[in-house]
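# Coordinates in review
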Amino acid sequence: MHADEIDPQAKKAVERQERLPIPHSRWGVKLARLLTGPAMRLRNRNPPAVGETVDGTIPGPDGDLDARLYLPDGDGPFPTVVFFHGGGFVLGSIATHDWLCRRLTRESGCAVLSVDYRLAPEHPFPAPVADAYAAVEWATANPDAIAGTGRVAVAGDSAGGALAAVAALMAAERDGPEIAYQALLYPGVGVETGQPSVEEHAGIVLSEADLEWFLECYYDHELHRRNPYADPTNAGDVSGVAPATVVTAGFDPLRDGGRAYAEQLVGDGVPTRYENYADQVHGFMTLREVDRATEAIADVADDLSEALGAD
């Protein structure tokens, strides 16, 4: 499941990240968020061009949510991918995933609606889930507002991958909005202490302490950890959810949880493409300096384009 060595480009990126450890306190989180803005302005210089970006808000269950719409070149309308960023439900933003969303837009020919859901610990479960599902409901009900065809997929990485998967599950169980596809990029689902990926690779990008801190922030009650709408691997039956692409990384402590969910989807009859990038690390698809990131995005984009009927 993992290569002999981490891809050299990814290894350099990890070494840079190790100089900026994840804070494990509320004050540290607030400071990290404040510092993200200037860092992202520097990182996002000379971004991949898309047809247009539109910053605005969409209605959420407890107030408006910031969102950015990425449109491909052309007149449209376009199929829509509703995207949720990673960051352990605690960190991350539209800005941290701007490069990924731009590449996804360019490669897929779909519009990408990137949504800033509420973050823990200020807003623990189920607030992020409620925001994600509301965003999907709004996108499917208002295609004209996003130059959409009405065909909608969900996507996300890490914590955002979990939100995308839960949104697909909720839509299926509640006879909700029609979701044509889900793209789950090293999703934060089904992660358990003792899994080989956790035992072998915690400390590469994410430590066991990081994983537990994020969970403590996200869940304000132990019972929530077994809720299918918190983690879809808890669901007894996922047969009604949208077809999926599930991506994992060989040196990612989240790898085995993502693989287990892909197997659960296949076992319940959901058409699923599973791809493990054996020489990569958690979060690699946001690393613009890693060639394999661009390749992986292109592969996921092809799946989305085919499923949604993008030109």
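An account of the accompanying structure is given in this report.

## Focus: the overall build of the protein chain
The number of helices and strands found in the protein chain is nine helices and eight strands. Per-residue burial over the protein chain gives 53% buried out of 311 residues. Counted over contacts in the protein chain with a minimum sequence separation of 6, partners at least 24 positions apart contribute 79%. Carbon and sulfur atoms make up 49% of the accessible area of the protein chain, which totals about 13100 Å². One finds the centroid of the 24 positive side-chain charges in the protein chain at a distance of 7 Å from the centroid of its 48 negative side-chain charges.

## What about helix H3 (residues 98-108)?
In terms of burial, H3 is a largely internal element, nine of the 11 residues being buried. Contact partners of the buried residues in H3: strand S1 (52-60), strand S2 (63-71), strand S3 (78-84), strand S4 (111-115), strand S6 (181-185) and helix H9 (291-308). Of the residues trailing H3, glycine 109 is marked for its positive phi of about 75 degrees.

## Some points on the packing of helix H4 (residues 127-141) against helix H5 (residues 159-173)
At their nearest, the axes of H4 and H5 sit 9 Å apart, and the two run at 65 degrees to each other. In the crossing of H4 with H5, the sense of the turn from one axis to the other is right-handed. Across the interface between the two elements, Pro128, Val129, Ala132, Tyr133 and Val136 from H4 touch Leu163, Val166, Ala167, Met170 and Ala171 from H5. Of the residues in the contact of H4 with H5, the class split is 10 nonpolar, no polar and no charged.

## Section: the pattern of salt bridges
Counted according to the given criterion, the structure contains 16 salt bridges. In this structure, aspartate 98 and arginine 68 form a salt bridge, with 3.0 Å as the shortest nitrogen-oxygen distance. Taken together, the positions of aspartate 98 in helix H3 and arginine 68 in strand S2 put the pair 30 residues apart, joining distant regions of the chain. Across the pair arginine 273 and glutamate 275 runs a salt bridge, and its minimum N-O distance is 3.4 Å. With a relative accessible area of 30%, glutamate 275 lands in the partly exposed category. Three or more residues joined by partner-sharing salt bridges are found here, namely Asp55, Arg68, Asp98 and Arg102.

## Points about the packing of aromatic side chains
Inspection of every chain in the model, using the stated rule, returns six aromatic pairs. Aromatic side chains phenylalanine 89 and tyrosine 218 sit 3.7 Å apart centroid to centroid with 5 degrees between the ring planes, which places their arrangement in the stacked category. Residue phenylalanine 89 is found in the loop between S3 and H3, and its partner tyrosine 218 is found in helix H7 (residues 208-218); the two are separated by 129 residues along the sequence. Just as phenylalanine 89 is buried, tyrosine 218 falls in that class too. Seen from their ring centres, phenylalanine 125 and tyrosine 218 are 5.8 Å apart, and the 70 degrees between their planes marks the pair as edge-to-face. With phenylalanine 125 in the loop between S4 and H4 and tyrosine 218 in helix H7, this pair connects stretches of sequence that are 93 residues apart. By the burial criterion, phenylalanine 125 is buried, and tyrosine 218 matches it. Here a set of aromatic residues connected by ring pairs shows up, and it is made of Phe89, Phe125, Tyr218 and Tyr219. The cationic tip of lysine 30 hangs over the ring face of tryptophan 27; the distance from NZ or CZ to the ring centre is 4.8 Å.

## Things to note about the nonpolar core
Ranked by internal contacts, the top residues of the largest apolar core, which has 53 residues, are Val82, Phe84, Val115, Leu163 and Leu265. Among the secondary structure elements, those contributing two or more residues to this core are S2, S3, S4, H4, strand S5 (148-157), H5, strand S7 (244-249) and helix H8 (255-267). In terms of residue count, H5 provides more of this core than any other element does, 11 residues in total. In this structure leucine 265 touches Gln182, Val238, Val241, Ala244, Val246, Val270 and Thr272, once residues within four positions along its chain are discounted. Membership of the second largest hydrophobic core comes to 40 residues, among which are Ile6, Ala13, Ile94 and Ala301.

## Here's the deal with the sheet that holds S5
The strand order across the open sheet built from eight strands is S1-S2-S4-S3-S5-S6-S7-S8, with neighbouring strands paired in mixed fashion. A strand with exactly one partner marks an edge of an open sheet, and here the two such strands are S1 and strand S8 (272-277). On average, each strand axis in the sheet is inclined to that of its neighbour by 20 degrees, with strand direction left out of account. Judged from the four bridges that link them, S2 and S4 form a sheet pairing that is antiparallel. Looking at the pairing, alanine 67 lines up with valine 115 of S4. In the packing of H8 onto the sheet, the strands contacted are S6, S7 and S8, and the crossing angle to S7 comes to about 155 degrees.

Definitions and cut-offs
- The residue numbering used here restarts from 1 in each chain and proceeds along that chain's sequence as written.
- Side-chain atom pairs in this predicted model are given and counted only at pLDDT of 80 or more, local residue features only at pLDDT of at least 70, and totals for whole chains, interfaces and linings cover all residues.
- Where side-chain values are given, they derive from all heavy atoms of the structure, hydrogens and water being excluded.
- Going along the chain from the N terminus, every DSSP run of H or I of four or more residues is numbered as a helix, and every run of E of two or more is numbered as a strand.
- Relative accessibility under 20% of the residue-type maximum defines a buried residue, over 50% an exposed one, and the middle range a partly exposed one, all with a 1.4 Å probe and only protein chains included.
- For this analysis, residues touch if any pair of their heavy atoms sits within 4.5 Å.
- Each accessible area is a Shrake-Rupley result for a 1.4 Å probe, and residues are judged covered by the shown protein chains and nothing else.
- Lys and Arg are tallied as positive, Asp and Glu as negative. Neither His nor the chain termini are counted.
- Taken as the charge location is NZ of Lys, CZ of Arg, CG of Asp or CD of Glu.
- Note on method: axes are straight lines fitted to C-alpha atoms, helices fitted across the in-contact stretch only, with angles between N-to-C directions ranging 0 to 180 degrees.
- Note: crossing handedness is left-handed where the near helix turns anticlockwise from the far helix by less than a right angle, and right-handed where it turns clockwise.
- The classification used treats Ala, Val, Leu, Ile, Met, Phe, Trp, Tyr, Cys and Pro as nonpolar, Asp, Glu, Lys and Arg as charged, and all other residues, Gly among them, as polar.
- The salt bridge criterion pairs a side-chain nitrogen of Lys or Arg with a carboxyl oxygen of Asp or Glu, the two atoms within 4 Å.
- Here a pair means two rings of Phe, Tyr or Trp (six-membered ring of Trp) with centres within 6.5 Å. Their orientation is stacked below 30 degrees between planes, edge-to-face above 60, and tilted elsewhere.
- Over a ring means this: the NZ of a Lys or the CZ of an Arg is within 6 Å of the ring centre and within 35 degrees of the ring normal.
- Buried residues of nine kinds, namely Ala, Val, Leu, Ile, Met, Phe, Trp, Tyr and Cys, make up a nonpolar core once their side-chain atoms join them within 4.5 Å.
- Criterion used throughout: strands pair if DSSP finds at least two bridges between them.

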